[in-house]
Amino acid sequence: MKRLLLITSLLVLGVVSTGAQQTRPAAPAAAPAPARAAAPITYRVTFPEPEHHWMQVEVTFSGLGTRPLQARMSRSSPGRYAVHEFAKNIFSVEAFNSKGARLSTTRPTPYQWSVAGHDGSVRLVYKIFGDRGDGTYFAVDNTHARLNIPASFMWAVGLETRSVRITFVPPAGSNWKVGTQLFPTSDPFTYTAPNLQYFMDSPTELSDFGLRTFTVKNPDGKTYEIRVAAHHDGSDANLDALAKDVERVVLEQGAVFGEFPAFDTGNYVFLLDYTPHSDGDGMEHRNSTFTSSRLTISNEQQRKQALGTISHEFFHAWNVERIRPADLEPFNFTDANVSCCLWMAEGFTQYYGNLLLIRAGFTPQAQGGIGFGGSINAVVTGSGRQVRSAVEMSQHAPYTDAAASIDKTDFGRSFISYYTYGAAIALALDLSLREMSDGAITLDDYMRLLWTTYGKPASATPGFVARPYTLRDLRNRLADLTKNKVFADEFFDQYVEGRDAANYERLMLQAGFVVRPRAPEAGWIGNVQVSPTEGGLIINQPQGNSINPIAFGTPAYEAGLEYGDIITTIDGQPATVEAFGAMSRKKPGETATLVLRRRSGHTTTTTITLKPNPALTVIDVETAGATMTAGQKAFREAWMGSKVK
Ligand SMILES: [Zn+2]
């Protein structure tokens, strides 16, 4: 294929300085003026009894005119796709007018407090409980307050374009500082946001965290400060080491896109919580990430583990925060948000999160390539692909992304995570582009085209994306990049909107990785586990609502086996663990006759025909007994080698 213009003109992305520990921003960027001049919404946040895990919020809405105030809690949070009903943790709501006279509140919905009969101003005072310190919820204890904004703060219907001014009052003697992407003021505890969207996107950590900074420079000469704010139980030296590693990852990320985003406040902050009480999570935001884990940075191996989430979340500063699907823009805080394109927003980020750790030298190349086997297997063998495409998996996120319900679901067989699915699509696309162009076009070029077309054009209003993309746009830009509409259409028809799996065996061999069946000689019946029970063996014994349905298309499914059924005989003998083991050792094509007792008590006889196990393994070509060719070596280095100059 012919070479195209977009290819890797490697731009200089240098570190120009590394700051010492500091607790205050060097040169705060002023917040832009709000869209229309109106009284800002002001919040005052106090923590009278942090040991009891609640905080008090006073919020004043003024300039209301005569309209009743409709104060709401969000039901969802950016980066989360299920409804979380943050109103459930609120108690002791009181309302006052500008003179301090008490007003009555009503509850027209579970997530709204309405106040009529005010004098144009309402001060709401409420308390809220929270003890889950992750990227989604609110948590407070004696060591910190971790505020995901939609989980913490009421806002008012109709005042979404108003600016916000928020003051945090830490507990006396706490040494807490404020870590946030909110816009700073001259008071280190007061911050602003230009509108509701930006405010909601700005998680805030209050603690005695350690801070390290470094600066990155864009080709246009602009510099941005990258901050590593970590609440942790390690030493200063541990944090120094972590920050050094973060810097390597950050530079490798910048090299993919050729530049860093124009961070709204002039900086990006990693808000990291590594404490024994953290809940594992990583959440992306425009100019920050809210990441937490129970790991300790005093352990080198665990410190390196932390880089996986850090790499993933920082890639989101481009992919989803700015290269953003139109169906997530603007984010709707009153409902679940459904998107066509989480296979791109999360899956491609998952792929790059791992690939960039290889390029930065944290994961050896051979190990990294073998590591892609997980997503290859999930997609090639996952029975969810028989009923849903990657687009449909994305649209299912409101039910699978930490969603809560008490009924049974069959997601174990009908759903493949759009992270895994999307990562496998990204891998297939990267290797296909390299294959078709003889290395001239790569997935980096595609991401760069999406960046310059959809991500980079700035919105006049911080918190918004000027030009979000549609599913059709993604297909069309792939056609533009490759100058090959047939390739782009086939790729999307087959692997994104269709339910085919790419030929990973051929694609991975280019880089010297052999993809082959894990146990080609062994027979296989599917995802069947049995445990002894009265009268035989129970299949995939349900534990309450936790079920493991028999996967579509497996021999067991085709023979009519399902979780909860009891196998009473195998080939005419009483069903025992030993008899089941003997059946499992049959060869592909051989059969067994089973008698099943359904949960109704009804019995049925069925014949199961074993198939070859479809599970794949990825191994280095040298481990497979061959010698890596010069072409494979060069391919692997071009794919996995560092791009930082
Ligand atoms: Zn993500």
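Engineer: Account for the overall build of the protein chain, with residues named and values stated.
Structural biologist: For the protein chain, the helix and strand inventory stands at 18 helices and 32 strands. Relative to the compact-globule value of 26 Å for 645 residues, the protein chain shows a C-alpha radius of gyration of 27 Å, a close match. On the principal axes, the C-alpha backbone points of the protein chain span a range of 85 × 65 × 50 Å. When each of the 645 residues of the protein chain is scored for burial, the buried share is 57%. Expressed as a percentage of contacts within the protein chain between residues at least 6 apart in sequence, the contacts between residues at least 24 apart total 72%.

Engineer: Can you break down helix H4 (residues 300–315) residue by residue, with the values?
Structural biologist: The end-to-end C-alpha distance of H4 is 23 Å, a good match for the 22 Å that 16 residues give at a rise of 1.5 Å each. Among all positions of H4, only Arg-303, Ala-306, Leu-307, Ile-310, Ser-311, His-312, Glu-313, Phe-314 and Phe-315 are buried. Where H4 begins, the side chain of Asn-299 points an oxygen toward the backbone nitrogen of Gln-301, at a separation of 2.9 Å.

Engineer: Which residues make up the packing of helix H11 (residues 418–436) against helix H14 (residues 485–496), and what values do they have?
Structural biologist: Between two packed helices, both the angle of their axes relative to each other and the distance between the axes serve to describe the pair. Viewed as axis vectors pointing N to C, H11 and H14 meet at an angle of 155°, and their least axial separation amounts to 12 Å. The angle between H11 and H14 falls in the class roughly antiparallel. For the pair H11 and H14, the crossing hand works out as right-handed. Side by side, H11 and H14 meet where Tyr-421, Ile-425, Ala-428, Leu-429, Ser-432, Leu-433 and Met-436 of the first sit next to Phe-487, Phe-491, Tyr-495 and Val-496 of the second. Residues of the contact of H11 with H14, tallied by class, amount to 10 nonpolar, one polar and no charged.

Engineer: Please set out the coordination of the zinc ion residue by residue, giving values where relevant.
Structural biologist: All of the protein donors around the zinc ion are His-312 (NE2), His-316 (NE2), Glu-346 (OE) and Glu-346 (OE); their distances to the metal are 1.9 to 2.8 Å. Angles of 51 to 150° at the metal separate the four donor atoms of the zinc ion, which places the site in the irregular class. Donor residues for the zinc ion, ordered by position in the chain, follow H-x3-H-x29-E. By relative accessible area, His-312 is classed as buried at 8%. With relative accessibility at 0%, the residue His-316 sits in the buried group.

Engineer: Give me the lowdown on the sheet that holds strand S7 (residues 106–109), citing residues and values where you can.
Structural biologist: Taken in spatial order, the four strands line up as S7-S8-S4-S12 in an open sheet, and their pairing is antiparallel. Each edge of the sheet is formed by a strand with only one pairing partner; in this case those strands are S7 and strand S12 (155–156). Relative to strand S8 (residues 112–115), strand S4 (residues 69–72) runs antiparallel, the two being bridged by four bridges. Bridge pairing in S8 links Ala-71 to Trp-113.

Rules used throughout
Residues numbered from 1 in each chain as written. Predicted model: local features only at pLDDT ≥ 70, side-chain atom pairs only at ≥ 80, totals over all residues. Heavy atoms only, no water. Helix = DSSP H or I, 4+ residues; strand = E, 2+ residues; numbered from the N terminus. Rg over C-alpha atoms; globule rule 2.2 N^0.38 Å. Buried < 20%, exposed > 50% of the residue type's maximum accessible area, 1.4 Å probe, protein only. Contact = heavy atoms within 4.5 Å. Expected span 1.5 Å × (residues − 1). Polar contact = N/O pair within 3.5 Å; in protein donor to acceptor, adjacent residues only side chain to side chain. Axes fitted to C-alpha atoms, helices over the stretch in contact; angles between N-to-C directions. Parallel < 35°, antiparallel > 145°, perpendicular 65-115°, else oblique. Left-handed = near helix turned anticlockwise from the far one by under 90°. Nonpolar A, V, L, I, M, F, W, Y, C, P; charged D, E, K, R; others polar. Donors = N, O, S within 2.8 Å, 3.2 Å for Na, K, Ca; no water. Tetrahedral: all angles 85-135°; square planar, octahedral: opposite > 155°, others 65-115°. Pairing = 2+ DSSP bridges.

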